[in-house]
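Residue-level structure breakdown
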Amino acid sequence: MSAMNIQAAVCYEHGAPLVVEELSLADPAPHEVRVRLKAVAICHSDISSLRGEWAGGRTPTVAGHEASGVVESVGPSVDSVAAGDHVVVTLVRSCGECDACKAGHSVCCDGKTALDSSSRLTSSAGVEVEQGLRTAAFAEACVVHESQLVRIPDDVPFVSAALLGCGVITGFCSVTNIAKVNRGAKVVVIGIGGLGLNAIQGAVLSGAAKVIAVDVLDSKLAAAREFGATDTINARATDVVEAVQKLCGNGADYVFVSAGRSQAFTQSIGMLNKYGSSVILGMPPDADKDFVVDSHALTTGRNILGSKMGDTCIREDIPRLVSLYQEGKLKLDEIVSKTYLLGDINEALEDAERGESLRNVIVFD
Ligand SMILES: NC(=O)c1ccc[n+]([C@@H]2O[C@H](COP(=O)([O-])OP(=O)(O)OC[C@H]3O[C@@H](n4cnc5c(N)ncnc54)[C@H](O)[C@@H]3O)[C@@H](O)[C@H]2O)c1
Ligand SMILES: [Zn+2]
Ligand SMILES: [Zn+2]
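The structure presented is a predicted model; accordingly, all values stated were derived computationally and were not measured. (Residues numbered from 1 in each chain as written. Chains lettered and ligands numbered in written order. Predicted model: local features only at pLDDT ≥ 70, side-chain atom pairs only at ≥ 80, totals over all residues. Heavy atoms only, no water.)

**Regarding helix α6 (residues 218-226)**
Rule in force here: Each residue is placed in one exposure class: buried if its accessible area under a 1.4 Å probe, protein chains only, is under 20% of its type's maximum, exposed if it is over 50%, and partly exposed if it falls in between. Working definition: helices are DSSP H or I runs of at least four residues, strands are E runs of at least two. Numbering for both runs from the N terminus. It is the directions from the helix axis to the C-beta atoms whose arc is reported. Any two residues whose heavy atoms approach within 4.5 Å at even a single point are treated as in contact.
Considered for burial, the residues of α6 that qualify are Lys220, Leu221, Ala223 and Ala224. Buried residues along α6 cover an arc of 155° about the axis, so they all sit on one side. Those residues of α6 that are exposed and aimed more than 90 degrees away from the buried face are Asp218 and Glu226. On its buried face, α6 sits against α5 (194-205), β12 (210-215) and β13 (231-234). Gly228 occupies a position one or two residues after α6 and carries a positive phi of about 115°.

Printed below as a string of structure tokens:
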């Protein structure tokens, strides 16, 4: 094993186009794994971090965290994967030993690994390049902690498998792990992107009686119907709170807000029945992250729940979702709008930012 040169899409300045260039990728250290990437999808969190919408973002950085590939080499003490394994790559890094991990909330792990304070990427000028979103998958290969990987069967297509790294698990598991939506429930999903479509799929498979999709684009609402939504509302054209109340009678049991807009969080509370729950998934820019809640709406019984990646336990939930996909119950192939080569990543990002695509995926072969 030795350090290798790879092509990667580097962000030198927030908001500026990415530069595709050669970087050096170091060998995996103990408990780390080098993955030859096959596909990486663009999540809205990549866009927000590359545009500098959240505090703490550093440059130079390589984003990309919803990926799949083949294990190329493993560092010392790795026992969960081996060279040649097909894997989903996620940003969920966990120690298995902290209070959060022991309580079953590995997405909230407080443990620290070597990768939390150093990167395995260096530019040709000798500058350390940050592994954005703990991964740096907008590149031909990446080095991540072994806990970030989940093995998948060899016959699952890489492009579809990549989606399981973030958007699918966050949307779907917000429904099954956080809200635990019951049969017959009335559900609303606001924001029909990579997360929202999978919240819809989770609600449908949980037996929800009503699944109302809300977006500002008619094309997204048409996609929502394909994924099982029973009703759709265009938030540009209608008072959404009133429209949901009308469709639900007494209001919704659950509202999943996967649009990164504070206005949508506030709207979600007005859509609930007296014992309903609003689940917050979207991550607005810092400038828009606060929202106002009528406290009386809560003290009469309503709840607000936060979702960090659907409280997914990746090694249990991803295999479960792969089985649903193989049984034809979970749509993944249909989420992929377009595939691009790494050299066209700026075009892929701009297209994703316009909001019309469900998921754009970068492929490497
Ligand atoms: N909580 C988590 O762990 C987690 C994980 C991944 C992503 N995210 C965040 O979730 C959000 C969604 O990510 P995504 O990749 O699905 O995004 P996306 O861009 O694929 O989809 C967002 C959708 O919201 C719609 N939208 C925008 N404004 C709206 C409004 N006012 N009302 C209704 N719909 C509106 C857009 O048209 C689009 O269809 C982002 O903010 C992202 O950063 C959170
Ligand atoms: Zn993501
Ligand atoms: Zn931990």
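That covers the picture; the talk isn't over yet.
**What to know about the site of ligand 1**
Heads up, the rule is: Nearness here has a simple test: a residue counts as near a molecule or strand if at least one of its heavy atoms is within 4 Å of that partner. Pairs of N or O atoms within 3.5 Å make up the polar contacts considered here, provided that, within protein, one atom can donate a hydrogen while the other can accept it, and that residues adjacent in sequence are counted only when both atoms are side-chain atoms. Every accessible area reported is derived by Shrake-Rupley at a probe size of 1.4 Å, with residue values counting cover from the shown protein chains alone. For this classification, the nonpolar set comprises Ala, Val, Leu, Ile, Met, Phe, Trp, Tyr, Cys and Pro, the charged set comprises Asp, Glu, Lys and Arg, and every other residue, Gly included, is treated as polar. A domain assignment, automatic or from a database, supplies the domain bounds used here.
Every one of the 27 residues lining ligand 1 counts as a neighbour, but Asp215, Lys220, Ser307, Met309 and Arg359 are closest to it. Met283 is positioned such that a nitrogen or oxygen atom in its backbone is 2.9 Å from an oxygen atom of ligand 1. Separating an oxygen atom of ligand 1 from a side-chain N or O atom of Arg359 is a distance of 2.8 Å. Considered on its own, ligand 1 offers 870 Å² of accessible surface; in the complex 92% of this is hidden by protein. Of all the secondary structure elements, the ones that give two or more residues to the shell around ligand 1 are α1 (44-50) and α5. When grouped by side-chain class, the residues that make up the shell around ligand 1 number twelve nonpolar, ten polar and five charged. Of the domains in this structure, domain 1 (4-165 + 332-363) and domain 2 (171-307) are the two that each give at least three residues to the shell around ligand 1.

**Side note on the coordination of the zinc ion (ligand 3)**
Operational definition: In this analysis a donor is any N, O or S atom within 2.8 Å of a metal ion (3.2 Å for sodium, potassium and calcium), and since water is not included, sites may seem incomplete.
Around the zinc ion (ligand 3), the protein contributes the donor atoms Cys95 (SG), Cys98 (SG), Cys101 (SG) and Cys109 (SG), at 2.3 Å from the metal centre. In this structure Cys98 comes out as buried when scored by relative accessible area, which is 14%. Judged by its relative accessible area of 12%, Cys101 is buried.

**Focus: the nonpolar core**
Threshold: Buried residues of nine kinds, namely Ala, Val, Leu, Ile, Met, Phe, Trp, Tyr and Cys, make up a nonpolar core once their side-chain atoms join them within 4.5 Å.
Counting residues in each nonpolar core, the largest one holds 59 residues, and the members touching the most others are Val181, Val187, Ile200 and Phe256. Here this core spans two domains, since at least three of its residues come from each of domain 1 (4-165 + 332-363) and domain 2 (171-307). In this structure Val187 touches Val181, Ala203, Ala208, Lys210, Val211, Ile212, Tyr254 and Phe256, once residues within four positions along its chain are discounted. Counting residues in hydrophobic clusters, the runner-up holds 43 residues, among them Val33, Ala63, Val87 and Leu149.

**Brief notes about the coordination of the zinc ion (ligand 2)**
Bound to the zinc ion (ligand 2) on the protein side are Cys43 (SG), His65 (NE2) and Cys166 (SG), at distances that span 2.0 to 2.3 Å. Here the donor residues of the zinc ion (ligand 2) share one chain and are spaced in sequence as C-x21-H-x100-C. In this pair, Cys43 sits in the loop between β3 (32-41) and α1 while His65 sits in the loop between β4 (61-62) and β5 (66-74), placing the two residues 22 residues apart along the sequence. Comparing Cys43 with His65, the two get one shared label, buried.

**Thoughts on the packing of aromatic side chains**
Each aromatic ring pair is described using two quantities: the centre-to-centre distance and the angle formed by the ring planes. Spelled out, the test is: Side-chain rings of Phe, Tyr and Trp (the six-membered ring for Trp) are treated as a pair once their centres are within 6.5 Å; stacked means planes under 30 degrees apart, edge-to-face means over 60, and tilted covers the remaining angles.
Within the structure shown, the criterion is met by two aromatic pairs. A centroid spacing of 5.2 Å and a plane angle of 65° characterise the contact between Phe265 and Phe291, whose relative ring orientation is edge-to-face. With Phe265 in helix α8 (residues 262-271) and Phe291 in the loop between β15 (272-280) and α9 (295-299), this residue pair connects regions lying 26 residues apart in the sequence. Classification of Phe265 as buried rests on a relative accessible area of 2%. The exposure class of Phe291 is partly exposed, given its relative accessible area of 26%.

**Considering the domain arrangement of the protein chain**
In many reports, interface size means the accessible area that the parts give up when they come together. Cut-off, in case you're wondering: Buried surface area refers to the total accessible area, computed with a probe of radius 1.4 Å, that the two partners give up upon joining, counted for both partners together. Definition used for salt bridges: Asp or Glu carboxyl oxygen within 4 Å of a side-chain nitrogen of Lys or Arg.
Partitioning the protein chain into structural domains gives domain 1 (4-165 + 332-363) and domain 2 (171-307). In this structure, domain 1 and domain 2 have C-alpha centres spaced 28 Å apart. The partner domain 2 presents 14 residues to the 13 residues of domain 1 that form the contact. A per-residue breakdown of the area domain 1 buries against domain 2 is headed by Trp54, Ile335 and Leu358, which together make up 46% of the total. Seen at the junction of domain 1 and domain 2, the total is zero salt bridges. Split into classes, the residues belonging to the side of domain 1 that touches domain 2 amount to four nonpolar, four polar and five charged.

**Some remarks on α8**
Residues of α8 that are buried include every one of Ser262, Ala264, Phe265, Ser268, Ile269 and Met271, and no others. In this structure, the buried residues of α8 make contact with β11 (186-190), α7 (240-248), β14 (252-257), β15, α9 and β16 (303-306).

**Thoughts on the pattern of salt bridges**
In this structure the tally under the stated criterion is 16 salt bridges. A salt bridge links Lys289 to Asp290, with the nearest nitrogen and oxygen atoms 3.9 Å apart. We classify Lys289 as partly exposed; its relative accessible area is 46%. The partner of Glu327 in a salt bridge is Lys329, and the shortest N-O contact between them spans 3.1 Å. With a relative accessible area of 49%, Glu327 lands in the partly exposed category. When its relative accessible area of 46% is taken as the criterion, Lys329 is described as partly exposed.

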